Amino acid sequence: MASQNDKTRKAFRQGELLFVPLNAEEMETLNPRNASYPRWNKLQINVLREGETTGHKHEVMTETPGTATLLAPVSTLLRGLPDMDLIGNKDRMLVAQEPVEVVHPEHRPLKLPKGIFLVVVQREYDEIKARRIID
Amino acid sequence: MYLVSRYAGWGRSFWFNMDSGIVDAHTKDEHLHIKVQNSLIVEQTTQRKDECTTLRYGQHRTTRKGNKTVKQEYFQAGTLQAIRRGGLWKRQTGISLCGNEGTVECYSTSGGAYGKEIFKYDNGVVGYVASRWRKKLHVIRSDGKRWMVIQGQASLNRGTVAARLDLKMSDLGLSSIMRGNSWNVTVYDTDGITVVTQGDVKNRQKQGKWLENGKQTYYISGVQVSRELYEDGPDKWDAHEVLSIPNAQLRCSLLNRMGYDKILERVKHKVVDVSNDGGQLLEVEAGLTGDSIRGLDKTMRLVKVICPSTKQTYVLRVPPQIQSYQQARQWTFGLREASIRDGARLELVKET
């Protein structure tokens, strides 16, 4: 969450994935409860992202089943956070009702506190437009 | 002990002190039975369908299915659920390995660490003996023939090795079983002689020549590549082509094999900015020739970053107007260029 004095926002990172904590107001902006159409769909899996070449997955692990939910945008180019790029179809939202651990075979486990996170894939320039990193 | 009810509705929640007694709670499919002595919970029983688990703090936890005991765990006296030291601390039946069921027995060291795990099929054949001291893990089929040999130390924990072996996964689940970052695996056919899968894992990534289900495959830092690319070797690779590979993982693999310095020797470049942590912002000539380059950038701005977990060098392309390493890094995080210039930034509190 961005502090009022400067535009610095805290985030966590595992490999190419960035976990940006959201407050209730930002969550409401990204996923309004009274929206005329759903902007995010609930996923029934715990996989945040799967490597195209290695098949290695970033997975969300919880102590108690059902305490973490993953959401995927229903369409691309949804409005993102202030100062940040539009939401891409590879981006996710993670709602953790208790501390969770994100695991990946090549990276050390990342412990995240309870909260809501926008999970953004790092991007790269490809001359025409920025694209999400393919791994 | 206090018994507290929450979320029952306004004025309906309660709490009261309890010194000794029994608490019974029922839901549609679960029955919870708690015994309290001298204000402490001493025993907790959970009954669900035909499964019943009894937990006696500081003593044991037993799970029964019907009349059969399927799991027993023993705890160190004076603790709540720490494993019992210096002997058998868990016995679990009905565990499947290579399509057959058996029993796992887990032993601890005198210091209370996970020491040894033995899997025995129901027909009496020993499936494996995994211990923290052994540098090789042999896994045997129920007919006594070899199934798998893994060079490397197994990492023992509360879950069993048998439950973590997963043939559906490309790494057979070994990432969660092995301690350290490097191991070698050999999988044998049902005859116990013919090798069907064999290869090395280095830094938790498949490396070099692999035999996979009888087929020869080639890996560079976890990425499967063609035989040609693998055998040609880094000396024959075109540095511009390597830097232009769209897949970041494959680009990283080839870049690390070729060597970052060697790549830079072969392309015209200038260092635009450097950081304290070894990162760089580079401008590299794209190496484009011919008539088909209209509209394409003749130079590429690349930011070199080092992954804190794998220590591998990654090179990501950033827009040509980016002027500093920090700006480039922030841009890859998804911040808009104008916002970065206005001072917006993401501060990473934890990276793995």
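The model shown is predicted, which means the values in this text are computed figures rather than measured ones.

Thresholds applied
Residues numbered from 1 in each chain as written. Chains lettered and ligands numbered in written order. Predicted model: local features only at pLDDT ≥ 70, side-chain atom pairs only at ≥ 80, totals over all residues. Helix = DSSP H or I, 4+ residues; strand = E, 2+ residues; numbered from the N terminus. Buried ≥ 20, exposed ≤ 12 C-beta atoms within 10 Å, placed from the backbone. Contact = placed C-beta atoms within 7 Å. Nonpolar A, V, L, I, M, F, W, Y, C, P; charged D, E, K, R; others polar. Pairing = 2+ DSSP bridges. Axes fitted to C-alpha atoms, helices over the stretch in contact; angles between N-to-C directions. Core = buried A, V, L, I, M, F, W, Y, C linked by C-beta atoms within 7 Å. Domains from an automatic or database assignment.

### Digging into the overall build of chain A
Here comes step 1: Across its full length, chain A carries one helix and twelve strands.
Here comes step 2: Split into buried and exposed, the 135 residues of chain A put 40% on the buried side.
Here comes step 3: When contacts within chain A are restricted to residue pairs at least 6 apart in sequence, those whose partners lie at least 24 apart make up 59%.

### Some thoughts on the interface of chain A and chain B
Here comes step 1: Taken together, the contact between chain A and chain B spans 34 residues of the former and 39 residues of the latter.
Here comes step 2: If you list the elements that add at least two residues to the side of chain A that touches chain B, you get β1 (8-14), β9 (107-112) and β11 (123-125) of chain A.
Here comes step 3: A per-element tally of the side of chain A that touches chain B places β1 of chain A first, with seven residues.
Here comes step 4: Split by residue class, the side of chain A that touches chain B holds eleven nonpolar, nine polar and 14 charged.
Here comes step 5: Relative to strand β24 (residues 345-351) of chain B, β1 of chain A is paired through six bridges, and the arrangement is parallel. Bridge assignment links R13 of chain A to a residue of β24 of chain B, and that residue is E351 of chain B.

### Here's the deal with unusual backbone geometry
With the exception of glycine, the majority of residues adopt a negative phi angle, and the majority of peptide bonds are in the trans configuration.
Residues and elements named next belong to chain B.
Here comes step 1: Unlike most non-glycine residues, S39 shows phi in positive territory, near 70°.
Here comes step 2: Here S39 is to be found in the loop between β4 (30-37) and β5 (40-48).
Here comes step 3: Of note in the backbone geometry, C98 takes a positive phi value of approximately 55° without being a glycine.
Here comes step 4: The topology assignment puts C98 in the loop between β9 (88-97) and β10 (100-108).

### Focus: helix α6 (residues 325-332) of chain B
Residues separated by three or four positions in an α-helix point in the same direction, a consequence of the helix having 3.6 residues per turn.
Residue and element names in this part refer to chain B.
Here comes step 1: Judged by how many residues are buried, α6 sits mostly within the fold: seven of eight residues are covered.
Here comes step 2: Taken together, the buried positions of α6 are Y325, Q327, A328, R329, Q330, W331 and T332.
Here comes step 3: Looking one or two residues past α6, G334 carries a phi angle of roughly 105°, positive in sign.

### Digging into the environment of E98 of chain A
All names here are of chain A.
Here comes step 1: One can find E98 in the loop between β7 (92-96) and β8 (100-104).
Here comes step 2: Note on E98: 11 C-beta atoms within 10 Å, which makes it exposed.
Here comes step 3: Between the C-alpha atom of E98 and that of A68, which follows or precedes it by 30 residues, the distance is 7.5 Å.
Here comes step 4: Not counting residues up to four positions away in its chain, the partners in contact with E98 are T62, E63, T64, T67 and K114.

### Quick notes on the sheet that holds β8 of chain A
All names here are of chain A.
Here comes step 1: Pairing in this open sheet of four strands is antiparallel, and the strands run β4-β5-β8-β9 from one edge to the other. In the strand order of this sheet, the two ends are held by β4 (47-50) and β9, each with one partner. With strand direction ignored, the average angle separating the axes of adjacent strands in the sheet is 15°.
Here comes step 2: Across three bridges, β4 lies against strand β5 (residues 57-61) in antiparallel orientation. Bridge assignment links R49 to a residue of β5, and that residue is H58.

### Details of the nonpolar core
Here comes step 1: With 61 residues, the main nonpolar core has F19, V20, L94, L118 and V119 of chain A as its most contacted residues.
Here comes step 2: The biggest single contributor to this core is strand β10 (residues 115-121) of chain A, with six residues.
Here comes step 3: Looking at which domains feed residues into this core, each of domain 1 (83-228) and domain 2 (239-341) of chain B gives three or more.
Here comes step 4: With near-sequence residues (within four places) excluded, F19 of chain A lies in contact with A11, F12, R13, L94, L112, F117 and V119 of chain A.
Here comes step 5: In terms of nonpolar packing, the next biggest core, distinct from the first, is built from 28 residues, I140, W147, L156 and I177 of chain B among them.

### Observations regarding the sheet that holds strand β18 (residues 215-220) of chain B
Note: strands within a sheet are paired through backbone hydrogen bonds, in either parallel or antiparallel orientation.
Residues and elements named next belong to chain B.
Here comes step 1: Pairing in this open sheet of seven strands is antiparallel, and the strands run β13-β14-β15-β16-β17-β18-β19 from one edge to the other. Strand pairing shows two members of the sheet lacking a second neighbour, β13 (136-140) and β19 (223-225), which therefore form its edges. Pairwise comparison of adjacent strand axes, ignoring direction, gives a mean angle of 20° for this sheet.
Here comes step 2: Sheet analysis places β13 next to strand β14 (residues 146-151), joined by five bridges and oriented antiparallel. Counterpart to I140 in the pairing with β14 is R146.

In short, shape yes, function no, at least from these values alone.
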